[in-house]
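Descriptive structure summary
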Amino acid sequence: MKTYDAIVVGAGHNGLTNAAFLARAGLDVVCVEKNDYIGGAAVSRNLYKDWWYSNCSYVCSLLRPEIYRALELHKHGLQVTPYGGSVTFMENGDYYGSYQDAEVSYREMARFSRHDADAYKTYSADTMRQCRFIRDFLLSTAPDPTSFKPSDIKELIRIGGKFLDMGEDRMYETIRFWTMSVAEYLDEYFETDVIKAAFSGSGIIGTALGIHSPGTAYVLLHHYMGEVDGNVGSWGFARGGMGAVSNSIAGAFQAAGGELRTEAGVDRIIVKNGKTAGVALENGDEISAPVVVSAMDVKRTFLNCMDKDDLPESFYKRVENFKIRGSSGKLNIALDGLPTFPALPEGSSLYHSDMHFIDSMERMERAYDDWKDGTWSRDPYVDMLIPTLNDPTMAPPGKHFMSCFVQYCPYQVEGRAWTSEERDAFGATVIDQIARYSPDFKDLILHVEIRTPQDIEAEIGITEGNIFHGELTMDQLLFNRPVPGYAQYRGPVDGLYLCGSSTHPGGGVMAAPGANAAREILSDLKRRNTVPENFGDD
Amino acid sequence: MKSQAVHQGRLKTPFYSRLAALDTVNEWHQWKGYSSADSLFCEDIEYFAIRNATAVFDLTPMTKYRITGPDSLDYLNRLVTRDMAKIRPGRVAYAVWCDDQGQVIDDGTIFHLRDGEYRLCSQERHFAWLKTAAIGFDVTIRHETEDVAALAVQGPTSFSVLKTMGLEGLEELKPFGLTHLKFQGTELMVSRTGFTGDLGYELWIDPDKAEALWDALFEAGKLFGIRAIGTHALELARIEAGFLAAYMDFLPADETVRTGVSRSPLELGLEWLVDFKKPNFNGRRALAEEKRNGSTWQLVKLDIEGNKPAHHSYIFGNEKANKGQIGFVTSAAWSPVCKQNIALGTVRTPYGKPGSSVWVEIYYQREMHWNRKMAKATVVDKPFWFPPRRSATPPAPY
């Protein structure tokens, strides 16, 4: 039987990125995927006629440009197109918009509060300062503060140096920032409820936390630290849907000689004599390799796909305690035409922006209360976009695809599995909310795919359908992600690695975990490093 | 005789009313006397209209000449360096023409409209040179810049837009092909050409029909993401496509003052346009000699490390810059579609061989403070952006 140099488990964007960099270093790599399609949560699915849905992740900003460039993804069909702005519809019939043009955004903010409009520049600089601090660490392994390895000490000194460079006041500010809630953070700058509500969404997307929960200011940063072509904080669409990201990385992987196998779900990672030996597939086949890299989340990897006896007890316990909670759902909708939003002027550029329907901090927090009560938000935070206004490839001309990310949506309803009636009721809640601001919306609906965290887990495999593979709270970031002592992509068994979003620097379609893990693996194997360095953010 | 005052201020192209109606940022410059938009709405969005949907650019100010007469082919073969006999009616040729020293006067496109009837289209004005070069040939050269309104319609959905507009037969039109169609009873020439390196067309029509053409185009394009764009977006696209721009990447030889600042086609990487098998053409002797003895300069396409555009950078042969400066960057950009830091430049030979490395000195400003970085750059020989859709025939719908 053939022995590979490495097996990567899971053909999501991180698994594929990892596999591509390993293959480029000359390793014989096979990437196995349980579904009959690749991409994990970065996919474009053809579920209705000529419509293509980005049915999990739906926008692109965090994808590291260094990786994009190194893997020459444009040659494999990837094109990321920025979109501008955002809008929050208000119950009183008004709306608050933000625009590509900074002066237009200023005027709009001043319409609500000149104080806030002027405060925005400081807010923006303060947030950018934190972005600048963190962005530098995205394409490097988080140093272990307890380690005496030269590489750890060097990196700690580098981080420490950057921190000290900020000066005393800003060091205090940074420490506060990393632990405070998004609501507190926004309160320091703004007085207008709808403006705070509009900004606070980025602090809770993908988490099982509310806007008043400590640590959500960092989550806001996680959504701001990306870029499109050097415009930090910008978001874009992958042309053809998010599947274009995975497909292009797969193209780079295959161009480097890598092998992809779909419908090859892993039942178990095989350990022999304390060393990783390969994987046993669900169909009974075995594939052998001295290196197995799991792109699955940390819980699925260790609790579902490994023999408990192969793992240290305390490690196992910590994995069990890792916070990875279902909090978001998704509606993917095929539309017969463009819905109108009478609050907006005809032809407004805000149709191209992300749309939201919660206009107060009170309503944001109430949405979270429902989740704590074990049910979906009756008045949810929806991040809605119509990508087909930008992308001509995802629906026939004049028809549209609407992507609705919905929060909050629990993994289980009051502690038990979702019923199909409940799933429909969840979908109806979202559709009703949008329809309140768009009277013709419901009549245009041709098809809806409703996805609860339970559906996402069943199909993609992510535990509880958590989009980040685990909460982005301080106790689960940097050298603590996923588990202290195991934050450098190496598992507790020789030859076993993690490369998914459960590892540093976390979730989002960033590809950094996959790339960072590849660097560590190549270093262990004494192979040429193929992973690019950070561009640097001077 | 009554004197006639010339037009003062800027001229307006036949599409001006439509451009002005879409303009929201009021950023214009002059292009050969005409008002031309830098940008109409947002440069980024305009750029992505080229790469993602359909972008419309008013190129009426391009200089145009009509060349007819029994000797028109012989004349053009004498004028330009490539073999025009290969360019059949209905085809378009990119070409350069040189002075007697083999230095490039300009580059442009030559449209073989009908048997023996040509349009030469260039950035600069060359009537005097064209007339001088015509001595002894039975040709008529007519300046027709104002007589032809022209639009570039570029991007992956451009074919769908033109098809929706009712233009027929474009399925078969190959890159560098042209066809004569009818639009509201007037002849409309459509060529599959452009300055973006993407799928795209150029539309040429009588100025009286310009506004009607624009309106029909935008009506058809409504569902295909059509947008009017300005020159800034186009400039980025042309660098990605690796196309040269006069006054950026070379100077028209007949307008230079100093010695050594003009370039030959060989130095511009355009040797493929020089056909030494032709018995005679302007500059042939000098170019043959340069071919034997070697060129002084080499145009390079650079893939530069990092993400800071190398605007106006010096190029060095090594990182320490101790071997002295070997050239400079002429056009630079961060390429949004390739996610590459790209540039065109000119270096002294023997530097600049494809696959070799050079170093680029980049200055960039962050919060008022200037920084300097030496960045390694690889010389590449292919255009940075050359998607399959550019040459697919028939073109895909998007």
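Residues numbered from 1 in each chain as written. Chains lettered and ligands numbered in written order. Predicted model: local features only at pLDDT ≥ 70, side-chain atom pairs only at ≥ 80, totals over all residues.

**A few points about the overall build of chain B**
Our working rule: Runs of E in the DSSP output that reach at least two residues are strands. Runs of H or I that reach at least four are helices, and both are numbered from the N terminus. We compute the radius of gyration from the C-alpha atoms alone; for a globule the expected value is 2.2 Å times N to the 0.38, where N is the number of residues. Whether a residue is buried, exposed or partly exposed is read from the other C-beta atoms within 10 Å of its own C-beta, which are placed from the backbone; 20 or more gives buried, 12 or fewer gives exposed, and intermediate counts give partly exposed. Contact between two residues is assigned whenever their backbone-derived C-beta positions fall within 7 Å.
When helices and strands are counted, chain B shows eight helices and 19 strands. Its C-alpha radius of gyration of 22 Å places chain B within 12% of the 21 Å reference for a compact globule of 398 residues. In terms of overall dimensions, chain B has a C-alpha envelope of 65 × 55 × 50 Å along the principal axes. A burial count over chain B gives 49% of its 398 residues as buried. In chain B, once contacts between residues fewer than 6 apart in sequence are set aside, the share between residues at least 24 apart is 67%.

**A word on the overall build of chain A**
Looking only at helices and strands, chain A has 17 helices and 21 strands in total. The C-alpha atoms of chain A give 22 Å as radius of gyration, which agrees with the globular expectation for 538 residues (24 Å, within 12%). Each of the three principal axes of chain A carries a C-alpha extent, and together these read 65 × 60 × 45 Å. Counting across all 538 residues of chain A, residues that qualify as buried make up 55%. When contacts within chain A are restricted to residue pairs at least 6 apart in sequence, those whose partners lie at least 24 apart make up 73%.

**Describing the domain arrangement of chain B**
By a widely used convention, the size of an interface equals the accessible area lost when the partners come together. Residue and element names in this part refer to chain B. We apply this condition: Source of the domain bounds: an automatic or database domain assignment. Three residue categories are used. Nonpolar comprises Ala, Val, Leu, Ile, Met, Phe, Trp, Tyr, Cys and Pro, charged comprises Asp, Glu, Lys and Arg, and polar comprises the others, including Gly.
With domains assigned, chain B is organised as domain 1 (16–60 + 148–240), domain 2 (61–144 + 263–293) and domain 3 (296–382). The distance between the C-alpha centroids of domain 1 and domain 2 comes to 26 Å. Across the boundary between the two partners, domain 1 contributes 15 residues, which contact 11 residues of domain 2. The set of elements that each furnish at least two residues to the side of domain 1 that touches domain 2 consists of strand E2 (34–39), strand E10 (178–183) and strand E11 (186–191). Of the residues assigned to the side of domain 1 that touches domain 2, the class counts are eight nonpolar, six polar and one charged.

**Observations regarding the sheet that holds strand E3 (residues 54–58) of chain B**
Residue and element names in this part refer to chain B. For clarity, the cut-off: One bridge is not enough; two strands pair if DSSP finds at least two bridges between them. Axis angles are defined between N-to-C directions and span 0 to 180 degrees, where every axis is a line fitted to C-alpha atoms and, for a helix, only to the segment in contact.
The sheet built from six strands is open, its strands ordered E10-E11-E12-E9-E3-E13 with mixed pairing. With one partner strand each, in any of the chains shown, E10 and strand E13 (226–228) form the two edges of the open sheet. Pairwise comparison of adjacent strand axes, ignoring direction, gives a mean angle of 25° for this sheet. With four bridges joining them, E3 and strand E9 (residues 149–154) adopt antiparallel strand pairing. Each residue of the ladder has a partner; that of Val 56, found in E9, is Val 153.

**Observations regarding the interface of chain A and chain B**
Opposite the 21 residues of chain A that make contact, chain B presents 22 residues. The set of elements that each furnish at least two residues to the side of chain A that touches chain B consists of helix H2 (65–70) and strand E5 (80–83) of chain A. Counting residues per element, the side of chain A that touches chain B draws most heavily on H2 of chain A, which supplies three residues. Residue composition of the side of chain A that touches chain B, grouped by class: six nonpolar, nine polar and six charged.

**Brief notes about the packing of helix H1 (residues 13–24) of chain A against helix H17 (residues 512–524) of chain A**
Residues and elements named next belong to chain A. Rule in force here: Helix crossings get a hand from a simple test, with the near helix turned counterclockwise from the far one by less than a right angle marking a left-handed crossing and a clockwise turn marking a right-handed one.
Where H1 contacts H17, the two axes come as close as 7 Å, and the packing angle between them is 35°. Classified by chirality, the crossing of H17 by H1 is right-handed. Of H17, the residues touching H1 (which contributes Asn 14, Gly 15, Thr 17, Asn 18, Phe 21 and Leu 22) are Pro 513, Gly 514, Ala 515, Ala 517, Ala 518 and Ile 521. Per-class residue counts for the contact of H1 with H17 are seven nonpolar, five polar and no charged.

**Regarding the nonpolar core**
This is how the line gets drawn: Nonpolar cores are identified as sets of buried Ala, Val, Leu, Ile, Met, Phe, Trp, Tyr and Cys residues joined via C-beta atoms within 7 Å.
Formed by 163 residues in total, the largest nonpolar core has its most connected members in Ile 7, Val 9, Leu 22, Cys 60, Val 245 and Val 293 of chain A. Discounting residues that sit within four places of it in the chain, Val 9 of chain A has contacts with Gly 15, Val 32, Val 266, Val 279, Val 292, Val 293, Ser 294, Ala 295 and Met 296 of chain A. Ala 53, Leu 79, Ala 253 and Ala 343 of chain B belong to the second largest nonpolar core, which has 111 residues in total.

**A closer look at the pairing of strand E12 (residues 200–205) of chain B**
Residue and element names in this part refer to chain B. Counting buried positions along E12 gives six out of six residues, so the element sits mostly inside the fold. As paired strands, E9 and E12 are joined by six bridges and run antiparallel to one another. Its bridge partner being in E12, Gln 154 is matched across the sheet by Gly 200. As paired strands, E11 and E12 are joined by four bridges and run antiparallel to one another.

**Topic: the environment of Arg 78 of chain B**
All names here are of chain B. By secondary structure assignment, the location of Arg 78 is in helix H3 (residues 72–79). Considered as a pair, Arg 78 and Phe 281 are 203 residues apart in the sequence and their alpha carbons are 4.2 Å apart. Setting aside its immediate chain neighbours within four residues, Arg 78 contacts Ala 133, Asn 280, Phe 281 and Asn 282.

**So, the environment of Met 355 of chain A**
Residues and elements named next belong to chain A. Mapped onto the elements of the fold, Met 355 is located in strand E17 (residues 354–356). Taking the number of C-beta atoms within 10 Å as the measure of exposure, Met 355 has 26 and is therefore buried. The sequence separation of Met 355 and Leu 385 amounts to 30 residues, and the corresponding C-alpha distance is 6.3 Å. Residues contacting Met 355, with those up to four places away along its chain left out, are Val 87 and Met 384.

**Digging into H1 of chain A**
Residues and elements named next belong to chain A. Our working rule: Take the residue count of a helix, subtract one, and multiply by 1.5 Å to get its expected span.
For H1, built from 12 residues, the straight-helix expectation of 16 Å at 1.5 Å per residue is met to within 8% by its first-to-last C-alpha distance of 16 Å. Of all the positions in H1, only His 13, Asn 14, Gly 15, Leu 16, Thr 17, Asn 18, Ala 19, Ala 20, Phe 21, Leu 22, Ala 23 and Arg 24 are classed as buried. Buried residues along H1 sit in contact with strand E1 (6–9), strand E2 (29–32), H2, helix H10 (243–255), strand E15 (292–294) and H17. Just downstream of H1, Gly 26 is the residue with a positive phi angle, here 95°.

**Observations concerning the confidence of the model for chain B**
Our working rule: pLDDT runs from 0 to 100 and stands for how confident the predictor is about each residue.
When pLDDT is averaged along chain B, the result is 97; 100% of the residues meet or exceed 70. At the level of chain-chain contacts, confidence expressed as ipTM amounts to 0.94, with global pTM at 0.96.

**Comments concerning the sheet that holds strand E12 (residues 266–272) of chain A**
As a general point, the strands of a sheet are linked pairwise by backbone hydrogen bonds and lie either parallel or antiparallel. Residues and elements named next belong to chain A. Strands sit in the order E12-E13-E14 across an open sheet of three strands; the sheet is antiparallel. Whereas interior strands pair on both sides, the edge strands pair on one side only; in this sheet they are E12 and strand E14 (286–288). Taken pair by pair, the neighbouring strands of this sheet meet at an average axis angle of 25°, ignoring direction. Of the pairings in the sheet, the one linking strand E13 (residues 275–281) to E14 comprises three bridges and is antiparallel in character. Opposite Gly 278, over in E14, you have Ser 288 as the bridge partner.

**Here's the deal with the environment of Gln 100 of chain A**
Inspection of the secondary structure assignment puts Gln 100 of chain A in the loop between strand E7 (95–98) and helix H3 (102–112). Note on Gln 100 of chain A: 19 C-beta atoms within 10 Å, which makes it partly exposed. Between the alpha carbons of Gln 100 of chain A and Gly 84 of chain A there is a distance of 5.0 Å; along the sequence they are 16 residues apart. Excluding anything up to four places from it in sequence, Gln 100 of chain A contacts Gly 84 and Gly 85 of chain A together with Cys 42 of chain B.

**Description of helix H5 (residues 150–165) of chain A**
For H5 of chain A, built from 16 residues, the straight-helix expectation of 22 Å at 1.5 Å per residue is met to within 8% by its first-to-last C-alpha distance of 22 Å. One or two positions beyond H5 of chain A, positive phi appears at Gly 167 of chain A, with a value near 90°.

**Things to note about unusual backbone geometry**
Residue and element names in this part refer to chain A. Of note, the bond from Gln 407 into Tyr 408 is cis; its omega dihedral lies within 30 degrees of zero at 15°. Look at Leu 478: it is not a glycine, yet its phi comes out positive at around 50°. Positionally, Leu 478 belongs in the loop between helix H16 (453–460) and strand E21 (496–498).

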